[in-house]
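The lines below spell out each chain.
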Amino acid sequence: MSNLEDRIREIERQLSAAADREAIRELPAQYCHAVASGNGPAIVALFTDDGSMEGGAIPAIGQGDILVRGRAELDKTYGEATSDMRLRPFIHNHVIELDGDRATGKCAVEIRSVRDGIAYNAAGYYDDTYRRESGEWKFERRYLHIDFWVPATESWA
Amino acid sequence: MSNLEDRIREIERQLSAAADREAIRELPAQYCHAVASGNGPAIVALFTDDGSMEGGAIPAIGQGDILVRGRAELDKTYGEATSDMRLRPFIHNHVIELDGDRATGKCAVEIRSVRDGIAYNAAGYYDDTYRRESGEWKFERRYLHIDFWVPATESWA
Amino acid sequence: MSNLEDRIREIERQLSAAADREAIRELPAQYCHAVASGNGPAIVALFTDDGSMEGGAIPAIGQGDILVRGRAELDKTYGEATSDMRLRPFIHNHVIELDGDRATGKCAVEIRSVRDGIAYNAAGYYDDTYRRESGEWKFERRYLHIDFWVPATESWA
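Structure report, in brief. (Residues numbered from 1 in each chain as written. Chains lettered and ligands numbered in written order. Predicted model: local features only at pLDDT ≥ 70, side-chain atom pairs only at ≥ 80, totals over all residues. Heavy atoms only, no water.)

**With respect to the overall build of chain A**
Looking only at helices and strands, chain A has three helices and six strands in total. Ordered by position in the sequence, the α and β elements of chain A form the string α-α-β-β-α-β-β-β-β. In terms of principal-axis extent, the alpha carbons of chain A reach across some 70 × 35 × 25 Å. Within chain A, the proportion of its 157 residues that are buried is 52%. In chain A, the proportion of contacts linking residues at least 24 apart, taken out of those at least 6 apart, comes to 53%. Only carbon and sulfur atoms are counted for the fraction: they give 47% of the accessible area of chain A, which is about 6900 Å². Looking at charge distribution, chain A has the averaged site of its 19 positive side-chain charges lying 2 Å from that of its 27 negative ones. (Helix = DSSP H or I, 4+ residues; strand = E, 2+ residues; numbered from the N terminus. Buried < 20%, exposed > 50% of the residue type's maximum accessible area, 1.4 Å probe, protein only. Contact = heavy atoms within 4.5 Å. Areas by Shrake-Rupley, 256 points an atom, 1.4 Å probe, with all protein chains shown as cover. Lys, Arg positive; Asp, Glu negative; His and termini not counted. Charge placed at Lys NZ, Arg CZ, Asp CG, Glu CD.)

Following this line, the structure appears as structure tokens:
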């Protein structure tokens, strides 16, 4: 009996980890859909209450260093960000490492965007930290590394 | 005993759902490979018999509103579509929601294409409905929303 | 009893296959991150000892037919390749077929790159063979089919 019990326990552990990975895999995808549709509250809901969005400056669009931490700042920033810019982010190469109720991940991103009538191409990657909160996986921290952010009609070299 | 039985039943339910998600995740990917290789029958085989491909007009390539419904129309359209256009679609940000033998999904798409010697960049997303038919997941309906479809040398703003 | 035993055995088989797929799904993603960060040893570690990277010529960047086979050649090539070129590969449309300790897969790729101050756009796909070696899934063979590799300011038609 204990043999079956042990095997079932191990199966449950593995299934739970697989479900964690699946939930985390969808997080950056849901983030992109929320950004693309300009749905600020949906973006914010993907972060923990103390969650942060961080990154270096993006001079091409007049964006200084990014540091948005906690629900109030997230509310404020994502409400604004989606209003003056059309953004289409696409996630690639997502890898995930689980560690209990926390996890880390890395994913590349390409972004098509329009600001003041100018179209831009961008590429980079996110260093993500995820945390399970009340049974739901959320972003604890995203750090966006931008490789280039250039007008679509210009080379990025 | 009933405790183990219950746990195994729950495990089987979860495993089955995970397999559903995995099969559905590959559908848009297989669609892209079939489109890229110009394999019309392979495209059609991914749709249910009453399946439909829908979408708004794409003026840049002289494409009117898209409404292809049922096996006969799918056969006709995909046979033709792949003949006069080189298409390379890439799927991103796929999210899936299961509901028994049906499921819905949303995925972004970028498309590189060539028509009459002109290269085009396109981006948009699919609203998908999937259905399990004879044990296999297929597209019941795809609705393609195009954000832009422009010559590769032009800005999309 | 044997009924439960049979069901658990089948569950374990399915869970193992799901874990295989998950490990294989991350391989091309990890490859991209290793390439993007110019980490030659990390690239090589993703291949079996007799692994190969193959592909046709890429005239735009003076690259002849690609045939890099075995650890020594992989070490040499990836050490060099990452030094004179900035590469950002993005994987799409990954499909996987398991066959015991082997598997095959196909995935599209888009590549943003810079060489000698010129930015390039490229697209194509990989035909992959994976093999489990000492419990770890690795690339046994990658064959890169390039559709186009053109300066970013030029059309690919």
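**Examining the environment of C:Arg115**
Along the polypeptide, C:Arg115 turns up in strand β4 (residues 102-115). It is 8.8 Å that separates the C-alpha atoms of C:Arg115 and C:Leu87, two residues lying 28 residues apart in sequence.

**Topic: the pattern of salt bridges**
This model, assessed by the stated rule, comprises 63 salt bridges over all chains. Notably, a salt bridge pairs A:Glu22 with A:Arg25, separated by 2.9 Å at the nearest N-O pair. Linking A:Glu22 with A:Arg25, this pair stays in helix α1 (residues 2-36), spanning three residues, or about one helical turn. The exposure class of A:Arg25 is buried, given its relative accessible area of 18%. Measuring nitrogen to oxygen at the nearest pair gives 2.8 Å for the salt bridge that ties A:Arg131 to A:Glu133. Residue class for A:Glu133 comes out partly exposed when judged on its relative accessible area of 23%. It is possible to trace a salt-bridge network through shared partners that takes in A:Arg21, A:Glu22, A:Arg25, A:Glu26, B:Arg21, B:Glu22, B:Arg25, B:Glu26, C:Arg21, C:Glu22, C:Arg25 and C:Glu26. (Salt bridge = Lys/Arg side-chain N within 4 Å of Asp/Glu carboxyl O.)

**Structural notes on the packing of aromatic side chains**
Throughout the structure, instances matching the rule amount to 23 aromatic pairs over all chains. For the ring pair B:Tyr31 and B:Tyr78, a centre distance of 6.3 Å and an interplane angle of 90° mean the geometry is edge-to-face. Pair noted here: B:Tyr31 is in helix α1 (residues 2-36) and B:Tyr78 is in helix α3 (residues 71-81), with a separation of 47 residues, a long-range link. Across the pair, B:Tyr78 and B:Tyr31 agree in class, each one buried. For A:Arg142, the ring lying beneath its charged end belongs to A:Tyr31, and the centroid distance is 4.7 Å. (Phe/Tyr/Trp six-rings, centres within 6.5 Å; stacked < 30°, edge-to-face > 60°. Lys NZ or Arg CZ within 6 Å of the ring centre and 35° of its normal.)

**Some points on the interface of chain A and chain C**
Facing the 24 residues of chain A at the interface are 32 residues of chain C. Both sides together, the interface formed by chain A and chain C hides about 2400 Å², and carbon and sulfur atoms give 61% of it. Its largest share of buried area at the contact with chain C, chain A owes to A:Arg7, A:Asn93 and A:Trp156, together 28% of the area lost on that side. Across the chain A-chain C interface, the total number found is seven salt bridges. For A:Arg21, the salt bridge is made with C:Glu26, and the minimal N-O distance between the two is 2.6 Å. For the interface between chain A and chain C, the tally reads eleven residue pairs in polar contact (both at pLDDT 80 or more). A total of eight residues in the side of chain A that touches chain C trace back to one element, the largest contributor, which is α1(A). Each residue belonging to the side of chain A that touches chain C can be placed in one class, and the counts come to twelve nonpolar, five polar and seven charged. (Buried area = accessible area lost by both parts, 1.4 Å probe. Polar contact = N/O pair within 3.5 Å; in protein donor to acceptor, adjacent residues only side chain to side chain. Nonpolar A, V, L, I, M, F, W, Y, C, P; charged D, E, K, R; others polar.)

**What about the interface of chain A and chain B?**
Counting from both sides, the interface comprises 32 residues of chain A and, opposite them, 25 residues of chain B. Roughly 2400 Å² is buried in total at the junction of chain A and chain B, and carbon and sulfur atoms are behind 60% of that figure. Where chain A meets chain B, there are seven salt bridges. Broken down by secondary-structure element, the contributors of at least two residues to the side of chain A that touches chain B are α1, β3 (86-99), β4 (102-115) and β5 (118-133) of chain A. In terms of residue count, α1(A) provides more of the side of chain A that touches chain B than any other element does, 14 residues in total. Each residue belonging to the side of chain A that touches chain B can be placed in one class, and the counts come to 15 nonpolar, seven polar and ten charged.

**Comments concerning empty space enclosed by the protein**
The gaps left among the atoms become clear once a water-sized probe is rolled over them. Tallied over the entire structure, the rule returns four cavities of 30 Å³ or more. Approximately 570 Å³ is the volume found for the largest cavity. Forming the boundary of the largest cavity are 23 residues, of which A:Arg25, A:Ile91, B:Arg25, C:Arg25 and C:Ile91 lie nearest the centre. Of all the secondary structure elements, the ones that give two or more residues to the lining of the largest cavity are α1 and β3 of chain A, α1 and β3 (86-99) of chain B together with α1 (2-36) and β3 (86-99) of chain C. For the lining of the largest cavity, the element with the highest residue contribution is β3(C), accounting for five residues. Considering only residue class, the lining of the largest cavity consists of nine nonpolar, nine polar and five charged. (1 Å grid on protein atoms, 1.4 Å probe; cavity = no way out; pocket = protein on both sides within 12 Å on 5 of 7 lines; lining within 4 Å. Points joined across faces, edges and corners; volume = space filled by probe spheres on them.)

**Observations regarding the relation of the copies chain A and chain B**
Overlaying chain A on chain B yields an RMSD of 0.0 Å, the required transformation being a rotation through 120° with an accompanying axial translation of 0.0 Å. Those values place the two copies in the arrangement expected of a three-fold rotation axis. (Least-squares fit on C-alpha atoms with pLDDT ≥ 70 in both.)

**Overview of the sheet that holds strand β6 (residues 136-151) of chain C**
All names here are of chain C. Ordered by their spatial adjacency, six strands build an open sheet running β2-β1-β6-β5-β4-β3, and the pairing between neighbours is mixed. Pairing within the sheet leaves two strands with one partner each, and these edge strands are β2 (66-69) and β3. This sheet shows a mean twist of 15° between the axes of neighbouring strands, independent of strand direction. (Pairing = 2+ DSSP bridges. Axes fitted to C-alpha atoms, helices over the stretch in contact; angles between N-to-C directions.)

**Section: the pairing of β3(A)**
Residues and elements named next belong to chain A. Along β3, ten of the 14 residues are buried, which leaves the element largely enclosed by surrounding structure. Sheet analysis places β3 next to β4, joined by twelve bridges and oriented antiparallel. Within β4, the position partnered with isoleucine 91 by the bridge is valine 109. Hairpin connection from β3 to β4: two residues lie between these consecutive antiparallel strands, with glycine 100 at a positive phi of about 70°.

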